[in-house]
Amino acid sequence: MRTDYLGLRLENPLLVAASPLSRDLDNALRLQEAGAGAVVMYSLFEEEIRREAHLLGHLLDHQHLGHGEADSFLPSHHHAQLDAEVEQYLEQLARLKRGLDIPVIASLNGTRPGPWLEMARELERAGADAIELNAFHIAAVDDDAQAVEDGYVDLLEALKERVEIPISLKLPPFFSSLGHLVKRLDGAGAAGVTLFSRLYHPEIDLDSLKSVPRLHPSGAQEALLAGRWMAMLYGRVGLSLAAVGGVRDAETVLKLLLSGADVVQCASLLLEGGPGKLTEMLEGMHQWLNESPFDELEQLRGSLSHIHDGDNAALYERADYVQMLERLNRLPGG
């Protein structure tokens, strides 16, 4: 069951995705005991870092407005102690690294290069084994497709200038040519990509007549989308492939691995059912492997990908759409 991901050697390919599950060390220890191959921390957002930087800048720039006797009580550039999310994140990262034996991957969430990326150096110093950069951005009506793609590459390059640990880009599926972008990220030095970050849609509330945020658990359709792109990318890029979303059982994990994923991340299932769900999936994977023609995980990975599954390769492009419509037309009343 051992696998390589972002240059890290893991005991198995089941990872805990970025979520509140990593906010508590005891819970993380239970996830490790249940079989997690690695933990991706909850995300530290660009907006949080910018807010704290703005607060610190305000305090520093206005020291002269106070009484001279009080100036020494204001924070200096190197010794500012703010009760902030950023400081709490670094402390939790260090706590997880001390308490866990499995790799801990820090998570940054942002959209454009800027001073906030300096936080990556602190994550590296605190012991992060890698960084997952969730570059979540919804292109507006006037955004140029090429400019949007360039922005992701620029963000990766800016982050690579600051750290030496591996970086994986967590991407949404909304690109004119996702495969082309992944190849560009591969060439720019990304160690991996995670597909896909979730889009939380605003929903119209008919009582209040307002758009409201609503959280829905991930579903099977998300795993199918990730599986299609695992299969399309496998063997065509040199970076690691992680699938996330819609993982509810061992069968889904195995299908994603057969498609070409190096690892599979899950969170919703663990939030709902607890760490024991990891153990159930691992046991199901072991049972299937024992009854399959494969002796180890490495043999099955990508064996049903686009480049290896010659008989069905066209299904990953357009043939599945055509065949599905033909089947619907043959149904009574079709």
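Note that the coordinates shown come from a computational prediction; the quantities given were computed from them, not determined experimentally.

Caption draft 1: Focus on the sheet that holds strand β4 (residues 38-45). With respect to topology, eight strands assemble into a closed barrel ordered β3-β4-β5-β6-β7-β8-β11-β12, the strand pairing being parallel. Each adjacent strand pair in this sheet contributes to an overall mean axis angle of 25 degrees, direction not counted. The pairing of β4 with strand β5 (residues 104-109) spans five bridges and is classified as parallel. By the bridge assignment, V39 is partnered in β5 with V104. Helix α3 (residues 85-99) contacts β4 and β5 of the sheet and is inclined by roughly 170 degrees relative to β4. Helix-sheet contacts for helix α10 (residues 276-291) involve β3 (14-16) and β12 (263-266), and the interaxial angle to β3 is about 165 degrees.

Caption draft 2: Expanded view of the environment of G246. Within the secondary structure, G246 is located in the loop between β11 (240-244) and α8 (250-259). As a C-alpha pair, G246 and Q221 span 25 residues in sequence and 6.8 Å in three-dimensional space.

Caption draft 3: Structural detail: the nonpolar core. Of all hydrophobic cores here, the largest spans 79 residues; its most connected members are L108, L169, L171 and L278. If near-sequence neighbours (up to four positions away) are discounted, L108 is found in contact with L44, I49, W116, A120, L123, I131, E132, L133, N134 and L159. Within the second largest apolar cluster, 11 residues are counted, among which are L8, V40, I105 and V263.

Conventions adopted
- Residues numbered from 1 in each chain as written.
- Predicted model: local features only at pLDDT ≥ 70, side-chain atom pairs only at ≥ 80, totals over all residues.
- Heavy atoms only, no water.
- Pairing = 2+ DSSP bridges.
- Helix = DSSP H or I, 4+ residues; strand = E, 2+ residues; numbered from the N terminus.
- Axes fitted to C-alpha atoms, helices over the stretch in contact; angles between N-to-C directions.
- Contact = heavy atoms within 4.5 Å.
- Core = buried A, V, L, I, M, F, W, Y, C linked by side-chain atoms within 4.5 Å.
- Buried < 20%, exposed > 50% of the residue type's maximum accessible area, 1.4 Å probe, protein only.

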